[in-house]
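So you can see what is in the structure, the chains are spelled out below.
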Amino acid sequence: MKAKFSSKIGIVAATVGSAVGLGNVWRFPAEVQENGGAAFLLVYIACVFLLGIPVMLSEFSLGREGGADAVGTFRKLSPGRPWWLTGLLGVLASYMILCFYMVVAGWTFEYMIQSVTGNLYAPVDGMDAAGGFTTRMQQYIEGDIAPLIYTFIMIALNLAILLGGVQKGIERISNVLMPILFLLLVIFCCVSLSLPGASGGLKYFFSPDFSKITPTVIINALGQAFFSLSLGMGVLITYASYFPSSAKLTKTAFTVSVLDLLVALMMGIIIFPAVVSFGLEGESLRGLTLVFVTLPEVFNRMELTELWSALFFFTLSVAAITSTISIAEVSVAFFQDRFKMSRVKACLSVLLPTVLFSTMCSMSLSSDSSLTIGGKTLFDFLDMVATNIMLPVGSLLMCIYAGWVAPRSLMIRQFTNDGTLRGHLSGFIMFCIKYVAPPAIIAIFVTTFL
Ligand code: PHE
């Protein structure tokens, strides 16, 4: 019997768990900063609603109709046609993402432990606070052994959860962790808003300067929306194959997207006021340093430094792990369905090789490493190819399939649960899937590479 999620809450928790990840807590604020603040936020919200939700519904509909892994779903729906390659592209992309994402997940866990032990906040000889945290980051991230150990711990945790299966592993852990994650984020919002001068940060995040909306901003917002909603690589096809026939797809897609957006908003509300309040805006907000240097500086200036810091990195680890299990599940389901492997064998076949590949990704970051491809570290290379190329191509193919190849009746049947729901939005959603999403994705692609 095909495994299924057992409750509505479980469906939403697991899917939100996949969506909410390092993309929200780390990538989103950095993107906001690099793309003109509140203007980016506006475009991002439009992308989530006009493109994100329709593409998510495409994946949900195909996945539940096919009732199989990403490759099997296309084989079932279009036997003898090459559409299964779209699924295979998803499996490959998700595996590539898994390998480097696991390394970042390891860092969040490492930072949590180093906060608890107080190591992170021990002064570094001859350095001011910012210099100290930069040195720590180099030690923790580019060091030889420490980051590997934490990455392995993350892989082991993933294995333990995935071995539990769909209901007793993925669903159960999501039901426990997601409410904790939301609760912690709310607490952090309150703390950040109570800092002196918080309103400066809020103003930056929420009052848009429309002149800042450029094609690049739009493209970046769209890429961020797809990554954050876990679209385009078969994660949602795989999860939707575990949805019972009573699940309401439109409502689920809406709930998941709104919650994912909410987490991104909460991260903005946490980070920008804190950064402005302590006068840390400027150069240091870029990418990695935002979470691993700037925020420790913020905690360092607050009371109860270690406690807040440990709680924050715990929140990040939770966000990371509920995403890594969904990324790994794409391949696990593929091995189980395609090669008729047992769950245990499939989980091991997916996660054991990640020990090797994640190690290589992690090692490629040290400055004397030769693990580079075309001048990029292996880590950045996988990120670039999977996130910027495979993910948009996958999303595009899935939209074209759902909008133009799959019978319209199939999609409507899935939206309305065989006509038992009214589905007044069905027409609009199909319009977005057919006519809005594909040109928008092509536009991102062309502009990124020309
Ligand atoms: N959505 C996740 C995040 O925001 C990342 C992810 C991408 C998960 C693709 C699954 C698939 O971190």
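In the block above lies the structure referred to throughout.
Please read these numbers as outputs of a predicted model, since none were measured by experiment. (Residues numbered from 1 in each chain as written. Predicted model: local features only at pLDDT ≥ 70, side-chain atom pairs only at ≥ 80, totals over all residues. Heavy atoms only, no water.)

Draft legend 1. Just the state of the cysteines, in detail. This structure, assessed with the given rule, holds zero disulfides. Of all cysteine sulfurs in the structure, the one in Cys-432 sits closest to Cys-399, which takes part in no disulfide; the separation is 9.9 Å. The class of Cys-399 is buried, set by a relative accessible area of 0%. (Disulfide = S-S within 2.5 Å. Buried < 20%, exposed > 50% of the residue type's maximum accessible area, 1.4 Å probe, protein only.)

Draft legend 2. Structural context of the nonpolar core. In terms of nonpolar packing, the biggest core is built from 156 residues, with Phe-5, Ile-97, Phe-313 and Leu-351 touching the most fellow members. Counting residues per element, this core draws most heavily on helix 5 (residues 84-117), at 17 residues. Not counting residues up to four positions away in its chain, the partners in contact with Phe-5 are Ile-11, Ala-14, Val-166, Gln-167, Ile-170, Glu-171, Tyr-239, Tyr-242, Phe-243 and Pro-244. (Core = buried A, V, L, I, M, F, W, Y, C linked by side-chain atoms within 4.5 Å. Helix = DSSP H or I, 4+ residues; strand = E, 2+ residues; numbered from the N terminus. Contact = heavy atoms within 4.5 Å.)

Draft legend 3. Region of the structure containing a positive patch on the surface. Together, Arg-75, Lys-76, Arg-338 and Lys-340 make up a region of like positive charge exposed at the surface. Here Lys-340 is to be found in the loop between helix 14 (305-338) and helix 15 (343-363). (Patch = residues over 30% accessible without salt bridge, like charges linked within 9 Å, V, L, I, M, F, W, Y side chains within 5 Å. Areas by Shrake-Rupley, 256 points an atom, 1.4 Å probe, with all protein chains shown as cover. Salt bridge = Lys/Arg side-chain N within 4 Å of Asp/Glu carboxyl O. Lys, Arg positive; Asp, Glu negative; His and termini not counted. Charge placed at Lys NZ, Arg CZ, Asp CG, Glu CD.)

Draft legend 4. Structural view of the site of the ligand. Around the ligand sit 15 residues, and of these Ala-19, Leu-22, Gly-23, Tyr-101 and Phe-227 come closest. In this structure, an oxygen atom belonging to the ligand sits 3.0 Å away from a main-chain N or O atom of Leu-22. When the free accessible area of the ligand is taken as 320 Å², the share hidden by the protein chains comes to 100%. For the shell around the ligand, the class distribution of residues is seven nonpolar, eight polar and no charged. (Near = heavy atom within 4 Å. Polar contact = N/O pair within 3.5 Å; in protein donor to acceptor, adjacent residues only side chain to side chain. Nonpolar A, V, L, I, M, F, W, Y, C, P; charged D, E, K, R; others polar.)

Draft legend 5. Structural view of the packing of aromatic side chains. Tallied over the full model, the rule gives 34 aromatic pairs. Seen from their ring centres, Phe-60 and Phe-243 are 5.0 Å apart, and the 65° between their planes marks the pair as edge-to-face. On the criterion of sequence distance, the pair formed by Phe-60 in helix 3 (residues 38-66) and Phe-243 in the loop between helix 11 (235-240) and helix 12 (249-277) is long-range, its members being 183 residues apart. As far as burial versus exposure is concerned, Phe-60 and Phe-243 are alike and both buried. With a centroid separation of 5.1 Å and 45° between ring planes, the pair formed by Tyr-111 and Phe-313 is classed as tilted. Here Tyr-111 is found in helix 5, whereas its partner Phe-313 is found in helix 14, with 202 residues between them in sequence. Taken individually, Tyr-111 and Phe-313 each receive the classification buried, so the pair is uniform in this respect. Through a chain of ring-to-ring contacts, the aromatic side chains of Phe-100, Trp-107, Tyr-111, Tyr-140, Phe-188, Phe-292, Phe-299, Trp-308, Phe-312, Phe-313 and Phe-379 assemble into a single cluster. Above the ring of Phe-227, the side-chain terminus of Arg-27 is found at 5.2 Å from the ring centroid. Positioned above the aromatic ring of Trp-84, the side-chain terminus of Arg-75 is 4.9 Å from the ring centre. (Phe/Tyr/Trp six-rings, centres within 6.5 Å; stacked < 30°, edge-to-face > 60°. Lys NZ or Arg CZ within 6 Å of the ring centre and 35° of its normal.)

Don't take any of this as a statement about function, it's just geometry.
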